[in-house]
Amino acid sequence: MTAFALVPSQVPGVRHPVPPSKSEVALADDIDSVAGDQVVYNPPPSDASVASSSSSTRRKKKNSLPRTGNLPDVHWRAISMSHLRSHPSFVPLPPPSMINTLPTKEHARYFRQDSWQWDYLHTGRCTTSQAAAALGFLEPKAAQFLGIPRSLQRGGFSAWHRLQELSDDGQSLDELEHILCEGRSTSDNDDVVGSWKPGIHDWRPGAKESERLWIPASRLIVGPTRPKPFPFSAKYLPNLTYEELHQRKLYLEHEDQQSSPSPMKTRMRWGNAQEATSILTALNHFCGEDKETTIHEVGMCGAGLMDDPLLRGVKIGASPDAIICHGNGTVEVLEVKNHCPFVWNRISPHFTGNATSRSSSKKKKKNGKKKKNGKKQKGKGGDSRNDGDHREGGLPKHYLIRDFRLEDRIPPVYIPQLQMEILCMGDAVDLDSSERSKCESAVMVRQTATRGAVLLRLKRDEQWIEDMKYYLGEFKAKYCDTGTICPDNFFWSDDKNSRYRRFLQRTKELSESVEQVAFIDHGRIQRMVLERGVGGEVPLFLDRVHEEE
């Protein structure tokens, strides 16, 4: 079977920029004010100008964007993954239907994370979503030791149930190929149009090929109309329209009529919708420092890992959000976390019984105290709750805006995810190339809607990885193989010198010892902006879209 690379080695415009045509230069000049975050092109006023501004102007600006509402826009200024795949510094994966053969099981990493093949590979496999649970980190005592919030504590049953499933371990390579490769099921003829053939490395996104989504910064000429170099790796051309905002509002209003608001569902949707935008933040930072750096799309890594005695038959897998390939050959996995700005309004009629670990009796007692004191209470965290009107039309609004405070640390609950991604990444980005570069670190992007983003680096820790494999093997042997439901605190030991307590202590140390790569100011994050000629900022809530328009 001929070896081939499923990942394109180059996207036009990255290393060999083409001189821009006159029409492209004119287009770029014409859209300068709407091709990135508006704050970039309008620097913050000086202290003197701020001091001289009238109080009425400040009050008007403050009230222009409401910080409470019923219709949170989870797609707020988000750039989609389909558009990111067309970025000149982003190396995309081909559509699953174009892959018609698997030289090795590890080649399954070339199936996109939005494909059914990626879902199939999870069966019976301990992936990063189950690792913390299988390691006992989400049990009460271990979680308290690590400082994991109660909202994330869910025990080990989900991991136990996952590992009870039959994985693809018993399947031969040919059987796995027959299941996953859609191109092969169409025809075995290599001349079939649309199938992925060995030796082809120039696949590009076919959707909206006629639409120009990006203009590389290298093709934007610095001149009288552009006195400074463009601040991002490429100029993003599509703009957000009020018609699109209106359609989102109609959808949310319809959904609100069908079911009660769900803060948990809102947080999950925000994270998914904003993922590509956070990847773009990392791309702009690293490609801005080194023009040879590229960001690669990746599926699930680890399907081809050899059996390890410590794992006792546990099949593992990890799906980083992307891979960073630096110009010097260094490889890092990239993981992004989008902190949702929408939090539950505690005076909302839908608050009771939603996404909280407190009992209803405690909430009633607390509410009773508030009424007794007769004072308006602010929520914890200071900037995580908002002063002002929380009601609309006499009814409390469902959501408030939280200004998330970024920290230069990675919460301990994410350490298993990052270390497993480093392990499963291995030593190759292009599996069909002879070049090898062992992954030695992971970069996490923690991005907010109002307070910018922070990029953190976690180094590979071999001893921690060995302990992780050991306890995953213990979990399978003691509970999964015997069919015994794991009890509470199943790995915990009161002996501070025990292996497990040392493992937990090392997890805390890794959490605090990360390197801060960069802090990205809110105005330096590239997002979608309003269509040309429309002023104002994009609201986080869609309640007043017609008023804004």
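Since the structure is predicted, the reported quantities are computational estimates derived from the model, not experimental observations. (Residues numbered from 1 in each chain as written. Predicted model: local features only at pLDDT ≥ 70, side-chain atom pairs only at ≥ 80, totals over all residues. Heavy atoms only, no water.)

**Examining the overall build of the protein chain**
Stated precisely, the cut-off is as follows: Secondary structure elements are defined from DSSP: runs of H or I of at least 4 residues count as helices, runs of E of at least 2 residues count as strands, and each element is numbered from the N terminus. Remark: exposure states derive from per-residue accessible area (1.4 Å probe, protein chains only) relative to the maximum for the residue type, with buried under 20%, exposed over 50%, and partly exposed in between. Contact between two residues is taken to exist if any of their heavy atoms lie within 4.5 Å; hydrogens are not considered. Accessibility throughout is a Shrake-Rupley quantity obtained with a 1.4 Å probe, and a residue counts as covered only by protein chains that appear here.
Within the protein chain, the secondary structure is distributed over 19 helices and 16 strands. Buried positions account for 49% of the 549 residues belonging to the protein chain. Of the contacts made within the protein chain by residues no fewer than 6 positions apart, 80% connect residues no fewer than 24 positions apart. Surface accessibility of the protein chain: about 26,600 Å² in total, with carbon and sulfur atoms responsible for 50%.

**Points about the pairing of strand β15 (residues 453-459)**
Which entries qualify depends on this criterion: Criterion used throughout: strands pair if DSSP finds at least two bridges between them.
Among the seven residues of β15, six are classified as buried, and the element is accordingly described as predominantly covered. As defined by bridge partners, strand β14 (residues 441-447) adjoins β15 across seven bridges and the pair is classed as antiparallel. Pairing of Met444 across the sheet is with Leu456, part of β15. The turn linking β14 back onto β15 is made up of five residues, and Gly452 within it adopts a positive phi angle of 80°. As paired strands, β15 and strand β16 (residues 515-520) are joined by five bridges and run antiparallel to one another. Looking at β16, one finds that Leu455 is bridged to Ala518.

**Regarding the nonpolar core**
Heads up, the condition is: Take the buried Ala, Val, Leu, Ile, Met, Phe, Trp, Tyr and Cys residues and link them wherever side-chain atoms come within 4.5 Å; each set so joined is a nonpolar core.
Of all hydrophobic cores here, the largest spans 57 residues; its most connected members are Phe137, Ile316, Met468, Leu472 and Phe475. If you tally residues by element for this core, the top one is helix α17 (residues 462-480), at eight residues. Residues contacting Ile316, with those up to four places away along its chain left out, are Arg125, Cys126, Gly302, Leu305, Leu311, Met420, Leu423, Cys424 and Leu472. The next biggest cluster of nonpolar side chains, apart from the first, holds 47 residues, and it includes Trp214, Leu245, Cys340 and Tyr399.

**With respect to the sheet that holds strand β6 (residues 294-296)**
Formally: An axis is simply a line fitted to the C-alpha atoms; with a helix, the fit covers only the stretch in contact. Between two such axes, the angle follows the N-to-C directions and lies from 0 to 180 degrees.
Reading across from one edge, β2-β6-β8-β9-β14-β15-β16 is the order of the seven strands in this open sheet, with mixed pairing throughout. Edge positions in the open sheet fall to β2 (90-91) and β16, since each of these has one partner strand only. Lying on the sheet, helix α14 (residues 275-289) is in contact with β2, β6, β8 (322-325), β9 (331-338), β14, β15 and β16; it crosses β9 at an angle near 135°.

**A short note on the packing of aromatic side chains**
Rule in force here: Stacked, tilted and edge-to-face are the three classes applied to pairs of Phe, Tyr and Trp rings, where Trp contributes its six-membered ring and a pair requires centres within 6.5 Å; stacked means planes under 30 degrees apart, edge-to-face means over 60, and tilted covers the rest.
This structure, assessed with the given rule, holds 21 aromatic pairs. Ring geometry for Trp464 versus Phe503: centroids 5.0 Å apart, planes at 40°, classification tilted. Of this pair, Trp464 sits in helix α17 while Phe503 is found in helix α18 (residues 499-512), placing the two residues 39 residues apart along the sequence. The residues Trp464 and Phe503 share a single accessibility class, namely buried. On the basis of an interplanar angle of 45° and a centroid distance of 5.5 Å, the ring pair of Phe475 and Phe490 is categorised as tilted. Taken as a pair, Phe475 in helix α17 and Phe490 in the loop between α17 and α18 lie far apart in primary sequence, 15 residues in all.

**Points about the sheet that holds strand β10 (residues 342-344)**
Judged by pairing direction, the sheet is antiparallel, and its three strands sit side by side in the order β1-β13-β10 without closing on themselves. One side of each edge strand has no neighbouring strand; the edge strands of this open sheet are β1 (68-69) and β10. Relative to strand β13 (residues 399-401), β1 is paired through two bridges, and the arrangement is antiparallel. The partner of Thr68 across the bridge, within β13, is Leu400.

**Some words on unusual backbone geometry**
Here Arg77, not a glycine, exhibits a phi torsion of approximately 55°, which is positive. Its identity is not glycine, yet Arg312 carries a phi of approximately 55°, on the positive side. Within the secondary structure layout, Arg312 lies in the loop between β6 and β7 (316-317).

**Looking at α18**
In plain terms, the rule: A helix is expected to span 1.5 Å for every residue after the first.
Given a rise of 1.5 Å per residue, 14 residues ought to cover 20 Å, and the 20 Å separating the end C-alpha atoms of α18 matches this to within 8%. Turning to α18, its buried residues are Tyr500, Arg501, Phe503, Leu504, Thr507, Leu510 and Ser511.

**Quick look at the packing of α17 against α18**
For the record, the criterion: Throughout this description, any angle smaller than 35 degrees is read as roughly parallel, any larger than 145 degrees as roughly antiparallel, any in the 65 to 115 degree range as roughly perpendicular, and the remainder as oblique. Throughout, a crossing is termed right-handed when the near helix is turned clockwise from the far one, and left-handed when it is turned anticlockwise from it by less than a right angle. For this scheme, ten residues count as nonpolar: Ala, Val, Leu, Ile, Met, Phe, Trp, Tyr, Cys and Pro. Four count as charged, namely Asp, Glu, Lys and Arg, and the remainder, Gly too, count as polar.
Between α17 and α18, the least distance of the axes is 11 Å, while the angle of their chain directions is 135°. Classified by the interaxial angle, the pair formed by α17 and α18 is oblique. Judged by the sense of rotation from one axis to the other, the crossing of α17 with α18 is left-handed. When α17 is examined against α18, the residues Trp464, Glu466, Asp467, Met468, Tyr470 and Tyr471 are found in contact with a partner set consisting of Arg499, Tyr500, Phe503, Arg506, Thr507 and Leu510. The class makeup of the residues in the contact of α17 with α18 is seven nonpolar, one polar and four charged.

**Focus on the pattern of salt bridges**
For the record, the criterion: Each salt bridge in this description consists of a side-chain nitrogen of Lys or Arg and a carboxyl oxygen of Asp or Glu lying within 4 Å of one another.
Tallying each qualifying case throughout the model produces 24 salt bridges. Linking Arg67 and Asp403 is a salt bridge whose minimum nitrogen-to-oxygen distance equals 2.7 Å. Placement of Arg67 in the loop between α4 (55-64) and β1 and of Asp403 in the loop between β13 and α16 (415-425) is noted, with a sequence separation of 336 residues between them. A salt bridge links Arg109 to Glu106; the shortest N-O distance between them is 2.8 Å. With respect to burial, Arg109 and Glu106 carry one shared label: buried. Several salt bridges converge on common partners, so that one network encompasses Asp73, Glu244 and Arg248.

**Structural notes on α17**
To be explicit about the condition: Counted as a polar contact is a pair of N or O atoms within 3.5 Å, where, for protein atoms, one must be capable of donating a hydrogen and the other of accepting one, and residues adjacent in sequence contribute only when both atoms are in side chains.
For α17, built from 19 residues, the straight-helix expectation of 27 Å at 1.5 Å per residue is met to within 8% by its first-to-last C-alpha distance of 26 Å. The opening residue of α17, the one whose side-chain oxygen lies 3.3 Å from the backbone nitrogen of Gln463, is Asp461.

**A word on the side chain of Lys469**
Tracing the backbone through its elements, the reader meets Lys469 in helix α17. Reaching out from Lys469, the side chain makes a polar contact with the side chain of Glu466 at a distance of 3.1 Å. What Lys469 contacts, discounting residues up to four positions off in sequence, is Asp308, Leu310, Leu311 and Leu423.

**Some details on the confidence of the model for the protein chain**
Basically, it comes down to this: Confidence of the predictor at the level of single residues is given by pLDDT, which spans 0 to 100.
Per-residue pLDDT for the protein chain averages 78, and the proportion of residues at 70 or more is 72%. Overall, residues 206-210 carries pLDDT values under 50, and its contacts beyond four positions in sequence, including any with other chains, amount to two contacts. Of the regions scoring below 50 in pLDDT, residues 384-389 engages in 15 contacts with residues more than four places distant in sequence or in other chains.

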